[in-house]
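So the chains spell out like this:
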Amino acid sequence: MKNKKILITGGAGFIGSHLVERLLSRNNEVVVIDNFNDFYDPAIKRDNIASLEKLDGADRLQVVEGDIRSLTDVEEVFSRGPFDAVVHLAAMAGVRPSLENPALYVDVNLRGTQNLLDAACAQASGLPLFVFASSSSVYGAREPGSDSFKESDRTDRPVSPYAATKMSGEMICHSQHVATGLDIVCLRFFTVFGPRQRPDLAIHKFCRLIDEDKPIDMYGDGKSQRDYTYIGDIVDGITGVLELEKPGFEILNLGRNEPVLLCEMIECIEKSLGKKATINRKPMQKGDVPNTFANIDKARRLIGYEPGTSFDKGVAEFVEWYIASKKSKKASSKIETAPVK
Ligand SMILES: NC(=O)c1ccc[n+]([C@@H]2O[C@H](COP(=O)([O-])OP(=O)(O)OC[C@H]3O[C@@H](n4cnc5c(N)ncnc54)[C@H](O)[C@@H]3O)[C@@H](O)[C@H]2O)c1
């Protein structure tokens, strides 16, 4: 999909900013809509955009500060089309916070998604390809040791409001596809990590706390597992989908097919940081699932998806980025506070 115009919702966030970077390097025109909300520090999102604006090809990037729940904002962003594809990443993410405010998750993740689907279908010059960011959480609670999760497995037992909105989002996409013929691919991402990872996610949070000599909370016995997937592989998967001609309606897992135990994940961060963690054991949390494990045969077949970054290498890259960004923050705060001579 070179030289095409692509709308990315949530493009200031973790996955979105990596996708924008890749698409600009491939000569695409990119329009971003993001509301820079405070789910985590909005300054991080503004920094992501500021870095993108320095890249070669940044003249092909437009950023609209707007909310996908607002029809006016969605109309404004679609007036910058027509788009060949819409990659819909904007959402309230995070399992545990969704238990605190389920209505907000429904509002953003469902109403916002419906607004975008309607606007995509109203595009006069022809329908774009619509890519919806779904999640491994739709598979519900499955014990470690179970088979890898296939797209055809049952997904009607979500255990958090977040998971429920992602499953419902897929269903809204399906009904819209049947009603209008809009081509839609739902991508079930499995815990994405790497440079710029969201600060609320475990690898980032643990790395920060261990680095600051603070204890980390470990929920359960350390034997829960996650199929962590490196951001570069996820972006390969999304761009692979953007190459599909008229896919109809598809659901694809994007994972690594190699789950890692929580205790192994902590050891790996310790090794990369060269520091030992102080562990606070806590019971499993509501909404958390004990296991995620992607079967990626379908993504391999349909888009030639092949995750290439091992967990250890990905963590080492994350830690390298973490240390570098900490140093650059320190340097810029020194410049700001330097006395005037
Ligand atoms: N990171 C993961 O491990 C993971 C796993 C599974 C699914 N996902 C999904 O992938 C997508 C991107 O996740 P991420 O980790 O990059 O999260 P993120 O929070 O870093 O990015 C989401 C972006 O959407 C924006 N946004 C939120 N509500 C909005 C609204 N109402 N209007 C406009 N913009 C809004 C946020 O400001 C943010 O910049 C999300 O849909 C998430 O549910 C992520």
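Residues numbered from 1 in each chain as written. Predicted model: local features only at pLDDT ≥ 70, side-chain atom pairs only at ≥ 80, totals over all residues.

Some words on the sheet that holds strand β6 (residues 184-189)
Point 1. Pairing is parallel across the open sheet formed by 7 strands, whose spatial order is β3-β2-β1-β4-β5-β6-β11. In this open sheet, the two edge strands, each paired with only one partner strand, are β3 (61-65) and β11 (249-254). Ignoring which end each strand starts from, the neighbouring axes of this sheet average 20 degrees apart.
Point 2. With 6 bridges connecting them, strand β5 (residues 129-135) and β6 associate as parallel partners. If you follow phenylalanine 132 over to β6, its bridge partner there is cysteine 186. (Pairing = 2+ DSSP bridges. Helix = DSSP H or I, 4+ residues; strand = E, 2+ residues; numbered from the N terminus. Axes fitted to C-alpha atoms, helices over the stretch in contact; angles between N-to-C directions.)

Focus: the environment of serine 135
Point 1. Inspection of the secondary structure assignment puts serine 135 in strand β5.
Point 2. Along the primary structure serine 135 and proline 102 are separated by 33 residues, whereas in three dimensions their C-alpha atoms are 17 Å apart.
Point 3. Those residues in contact with serine 135 that sit more than four places away from it in its chain are Ala163, Lys166, Arg188 and Phe189. (Contact = placed C-beta atoms within 7 Å.)

Side note on unusual backbone geometry
Point 1. Looking along the chain, the bond that leaves glycine 81 and enters proline 82 is cis, with omega of 5 degrees.
Point 2. Within the fold, proline 82 resides in the loop between α3 (71-78) and β4 (85-88).
Point 3. Notably, arginine 196 is not glycine yet its phi reads approximately 70 degrees, a positive angle.
Point 4. Along the chain, arginine 196 falls in the loop between β7 (192-193) and α7 (202-211).
Point 5. Exposure remark for arginine 196: the 22 C-beta atoms within 10 Å place this residue in the buried category. (Buried ≥ 20, exposed ≤ 12 C-beta atoms within 10 Å, placed from the backbone.)

Quick word on the site of the ligand
Point 1. Among the 29 residues in the neighbourhood of the ligand, the closest are listed as Gly10, Gly13, Phe14, Ile15 and Ala91.
Point 2. Only α1 (14-25), β2 (29-34), α5 (102-121) and β5 provide two or more residues apiece to the shell around the ligand.
Point 3. Ranked by residues supplied to the shell around the ligand, first place goes to α1 with 3 residues.
Point 4. By residue class, the composition of the shell around the ligand is 16 nonpolar, 8 polar and 5 charged. (Near = placed C-beta within 6 Å. Nonpolar A, V, L, I, M, F, W, Y, C, P; charged D, E, K, R; others polar.)

Overview of the confidence of the model for the chain
Point 1. Averaged over all residues, the pLDDT of the chain equals 95, while 97% of them reach at least 70.
Point 2. For the stretch residues 337-341, pLDDT sits under 50, and the model shows 0 contacts to residues farther than four places along the chain or on other chains. (pLDDT = per-residue confidence, 0-100.)

A word on the nonpolar core
Point 1. With 86 residues, the main nonpolar core has Val131, Leu187 and Ile269 as its most contacted residues.
Point 2. Those residues in contact with valine 131 that sit more than four places away from it in its chain are Ala85, Val86, Val87, His88, Val185, Leu187, Ile238 and Val241. (Core = buried A, V, L, I, M, F, W, Y, C linked by C-beta atoms within 7 Å.)

Thoughts on the pairing of strand β1 (residues 5-9)
Point 1. Burial analysis of β1 places 4 of its 5 residues in the buried class, the great majority of the element.
Point 2. Judged from the 5 bridges that link them, β1 and β2 form a sheet pairing that is parallel. Residue pairing for β2: isoleucine 8 is matched across the bridge by valine 32.
Point 3. Inspection of the sheet shows β1 paired to β4 by 4 bridges, in the parallel sense. Within the sheet, the bridge partner assigned to leucine 7 lies in β4 and is valine 86.

A short note on the environment of serine 168
Point 1. As for its placement among the helices and strands, serine 168 is situated in helix α6 (residues 161-180).
Point 2. Along the backbone, serine 168 and glutamate 29 are 139 residues apart, and their C-alpha atoms lie at a distance of 30 Å.

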